[in-house]
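A look at the structure
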Amino acid sequence: RQNIRLAEQSSLTDDTLKSRVDSGVKLMTQLNDIALQMIHNEDLKLTRLERAHMEHILKTPLIYILIFLFSLIIFFYAFFKMYRDRIRLRKVNDELKIMNETFLHAEKLADLGNWRLNLQDKTTIYSNNFYHLLGLSPDQEVPKLRKFLSFVHPADCKKVLESFKRAFRQYQVF
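Okay, so let's go over this structure. (Residues numbered from 1 in each chain as written. Predicted model: local features only at pLDDT ≥ 70, side-chain atom pairs only at ≥ 80, totals over all residues. Heavy atoms only, no water.)

Further remarks concern the packing of aromatic side chains. What the rule picks out here adds up to ten aromatic pairs. Between the aromatic rings of Phe 76 and Phe 80, the centroid separation amounts to 6.4 Å while the plane-to-plane angle is 25°, which identifies the pairing as stacked. Here Phe 80 and Phe 76 lie together in helix 2 (residues 14-110), a separation of four residues that amounts to about one turn. With a centroid separation of 4.9 Å and 5° between ring planes, the pair formed by Tyr 126 and Phe 130 is classed as stacked. Both residues of the pair, Tyr 126 and Phe 130, belong to the buried class. Site record: aromatic cluster; members linked through ring pairs are Trp 115, Tyr 126, Phe 130, Tyr 131, Phe 148 and Phe 164. (Phe/Tyr/Trp six-rings, centres within 6.5 Å; stacked < 30°, edge-to-face > 60°. Helix = DSSP H or I, 4+ residues; strand = E, 2+ residues; numbered from the N terminus. Buried < 20%, exposed > 50% of the residue type's maximum accessible area, 1.4 Å probe, protein only.)

As structure tokens, then:
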């Protein structure tokens, strides 16, 4: 009715009015098609996003499980390696104890002694037989260099002192 009133007021002919209505219907149909196409595209995009999200949701626990299993494998590998190293270390330690006991016994039989100096903290370690040879008890305080030199024959004192100095300077055994 409104179109008819407009037509009467604007003195449009039926053909012009019909032509304009047809073009308006076409335009509305095109707009409707574009809107439907946009809705379809948005639906496709939403479907892809939902699918990606579902894949992510499914993969996340799997990734956590794989990380856990990998960590567990590393843990067991490290445990067995340490266990094997501990057994090997115990064997070497036992052999070292036997060698040390043999060496101490040989020192007593040969009436020899040994000592070593740690250059980092400047501490001296004497064997029990070395204390015995000096006439000291292993429970006593470790003799300092002056005290040690008092046990050396006076003719050899300068030679021993030079050997010490050379060993300190060049980090060599003397």
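Take helix 5 (residues 154-170) next. The end-to-end C-alpha distance of helix 5 is 25 Å, a good match for the 24 Å that 17 residues give at a rise of 1.5 Å each. Among all positions of helix 5, only Ser 163, Phe 164 and Ala 167 are buried. Within helix 5, the buried residues cover an arc of 100° as seen down the axis, which keeps them to one side. Of the residues in helix 5, the exposed ones pointing more than 90 degrees away from the buried face are Lys 158 and Arg 169. Buried residues along helix 5 sit against strand 1 (115-118) and helix 4 (145-151). Remark: Tyr 171 follows helix 5 within two positions and exhibits a positive phi of approximately 50°. (Expected span 1.5 Å × (residues − 1). Arc of directions from axis to C-beta. Contact = heavy atoms within 4.5 Å.)

It is worth spelling out the environment of Glu 50 at this point. The topology assignment puts Glu 50 in helix 2. For Glu 50, a relative accessible area of 47% gives the class partly exposed. Sequence-wise, Glu 50 and Phe 68 are 18 residues apart; in three dimensions their C-alpha atoms are separated by 27 Å.

Listed in full, the nine residues of the largest apolar core are Tyr 126, Phe 130, Tyr 131, Leu 134, Leu 136, Phe 148, Leu 149, Val 152 and Phe 164. Those elements giving two or more residues to this core turn out to be helix 3 (128-134) and helix 4. Among the elements that line this core, the one with the most residues is helix 3, at three residues. Non-local contacts of Tyr 126, meaning those with residues more than four positions away in its chain, are made with Asn 114, Trp 115, Tyr 131, Val 142, Pro 143 and Phe 148. (Core = buried A, V, L, I, M, F, W, Y, C linked by side-chain atoms within 4.5 Å.)

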